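# Structural features, examined
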Amino acid sequence: MKSPFLTALEQRVLLADGATGTALHERGVPASACLDYASVEQPDLVRQLHEEYIAAGADVIETNTFGANRLRLERHGLAGRAHEINFKAVRLARDAREISGQPVFIAGSVGPVGRRFAGQDISVQEARAAYREQMEALLEGGVDAIFLETFPDLDEIRVALDVVKTTCDLPVVAMLNFQRDGRTLAGEPPDVCANALQAAGADVAGANCGHGPQAALDVVEQMAVASSIMVAVMPNAGLPRMVSGRLVYPATPEYFAEYARRFVQAGANIVGGCCGTTPAHTAAMRQALSGETAARRVTVVAPAPEPQAIQQLPERRLRDKLAAGDFVVSVEIDPPRGLNPRKAIEGARALKQAGADCINIGDSPMARVRMSAIALATLIQQQVGLETIIHFTTRDRNLMAIQSDLLGAHALGIRNVIALTGDPPTMSPGALHQRASGVWDVDSIGLIKILKQLNRGIDWAGNSIGRPTDFFVACAANPTAEDLDVELDRVRRKIEAGADLLMTQPLYSPEPLGRFLDRLGPVQLPILLGIMPLQ
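As a starting point, this report considers the structure included with it.

Rules of the game
Per chain, residues are indexed from 1 in the order of the written sequence. In keeping with the model being predicted, local features are shown solely for residues with a pLDDT of at least 70 and side-chain atom pairs are shown and tallied solely at 80 or more, while totals for entire chains, interfaces and linings include all residues. Side-chain measures were taken over the full set of non-hydrogen atoms in the model, leaving aside hydrogen atoms and water. Remark: exposure states derive from per-residue accessible area (1.4 Å probe, protein chains only) relative to the maximum for the residue type, with buried under 20%, exposed over 50%, and partly exposed in between. Secondary structure follows DSSP: runs of H or I at least 4 residues long count as helices, runs of E at least 2 residues long count as strands, and numbering of each begins at the N terminus. Following DSSP output, two strands are said to pair if at least two bridges run between them. Consider the strands pointing away from the viewer: the crossover is right-handed when the path from the first strand over the helix to the second runs clockwise. Definition used in this section: a nonpolar core is a set of buried Ala, Val, Leu, Ile, Met, Phe, Trp, Tyr and Cys residues joined via side-chain atoms within 4.5 Å. A contact between two residues is defined here by any heavy atoms of the two lying within 4.5 Å. Simply put, an axis is a line fit to the C-alpha atoms, just over the touching stretch for a helix, and the angle between two N-to-C directions goes from 0 to 180 degrees. Angles below 35 degrees are treated as roughly parallel, those above 145 as roughly antiparallel, those between 65 and 115 as roughly perpendicular, and all remaining angles as oblique. Crossing handedness: left-handed means the near helix sits turned counterclockwise from the far one by under a right angle, and right-handed means the same turn made clockwise. Under the scheme applied here, ten amino acids are nonpolar (Ala, Val, Leu, Ile, Met, Phe, Trp, Tyr, Cys and Pro), four are charged (Asp, Glu, Lys and Arg), and all others, including Gly, are polar.

Further remarks concern the pairing of strand β15 (residues 472–477). For β15, a buried count of six out of six residues is recorded, marking the element as mostly surrounded by other parts of the structure. Burial of β15 is two-sided: the residues F472, A474 and A476 facing one way and the residues V473, C475 and A477 facing the other way are all buried. With four bridges connecting them, strand β14 (residues 416–420) and β15 associate as parallel partners. Within β15, the residue paired with V417 across the bridge is V473. Sheet analysis places β15 next to strand β16 (residues 501–506), joined by four bridges and oriented parallel. Bridge assignment links C475 to a residue of β16, and that residue is L502. Handedness of the β15-helix α19 (residues 484–497)-β16 crossover: right-handed.

Take the nonpolar core next. Ranked by internal contacts, the top residues of the largest apolar core, which has 70 residues, are Y131, I146, L148 and F263. Ranked by residues supplied to this core, first place goes to helix α8 (residues 154–167) with seven residues. What Y131 contacts, discounting residues up to four positions off in sequence, is V110, G111, P112, V113, F151, E156, V159, A160 and V163. If you look at the next biggest cluster of nonpolar residues, it comprises 41 residues, including I361, F392, V417 and L447.

On to the packing of helix α4 (residues 43–56) against helix α12 (residues 279–290). Running from N to C, α4 and α12 point in directions that differ by 20°, and their axes come no closer than 8 Å. Our classification of the angle between α4 and α12 gives roughly parallel. By crossing handedness, the relation of α4 to α12 is classed as right-handed. Between α4 and α12, the contacting residues are L49, E52, Y53 and A56 on the first element and P279, T282, A283 and R286 on the second. Among the residues making up the contact of α4 with α12, the classes are represented as five nonpolar, one polar and two charged.

These figures capture arrangement, not role.
Structure representation (structure tokens):
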């Protein structure tokens, strides 16, 4: 199947983001520090920069990993942390994408090893090993493409390109750094480079860094004429000069906007920026390339669907399928960490087409703030026509809020609830989340009792709610719990409280489930077995 990144390139020009290194310097990272290590030391700073580029209209954001190979990291005593730095950088970019809700691509940024090459300071074998380690970490983190950038000559970029092609099948954008005379440091002209990179297996050839937009335009024109390969261009904001003790890049956002159009007219398929460019440059290029369509980048809450757009849920509900002995598939989707539910809704739609019977939706899993599971479940049921199971924890709500939220969920058409106690806030990474306090007026067993009482038409205090609810209540079981005796006791109590369905934590082999069920004894409830695919 063709990469979504390449499919998008065939349909439109993609706008890449701008500088990472100079932008982090502007935000306070010292020039002497390891910029790549900022993903570990100052993750919020890096993620915020990604978010700014996405908000400015970038279609592609690059990871903060340009110098994150072990040979460059050695200078900072961080060679042994290359995998961690690359992996965390990708996760930050993915977090920014999820928070924004925008369908941006994430490119793993890979720069040269920073040593004289091919038997001088280092051998080809040492360079290949450093590149492979970095590529594998980027791949594990989940990038959509690899951007080889600012390479000085064809010899080194060919080695890096070969490592990518033998490590994964991701699209590769291969960009060289051209000097003032329009050639690489080794004297190679753009037309020769474009054909050589195409022959070596690159999907896109191009130029980045360099001497500013005007010089880059000349390179693009030569590459586009000489070869059929797609072309990328991501120049510096001109050559910097020192003003009052700091480097200042002369090319303004407006200047870049003008050149963005000229790059496309010359044949560029990817346009972006390098050193000295900022989210303001990206926004100006977005406007130049998209005109009024740039407004589509504004992040908003998805509007409630018009009545005619509401999809009907299937006549046979989850409980009916289970009662009939059908094999049922439910897939878990976490709500977004930001305002935009588009990605989750599109995912639910794709899962429905693939044959899923329902979607189960987490309730701020791992005690990290996310959109309400009730809200996302309502949108999916209305816009996709697929039944949902909401996770509902007692961690965040007192008894009054629990009942209020359940009545509201029922009024919105939600019928399936898995009753959970919830992860403690102290489990969540990051001090912001640790400021939250757990409530736990009741645990999951008490929540099942509340749900069953609402099904009898009365609230927890014994007051009538007018008519009974119709909740189908699931409970959780962990067959691999450390203290299996405690887990077995709690599952039995959940069943006694009235659970209608048993859903397990993820398992990777059938043996733990068999041992668990043998000790649990006869169970009349249907069981949904949890499986978590390995990445």
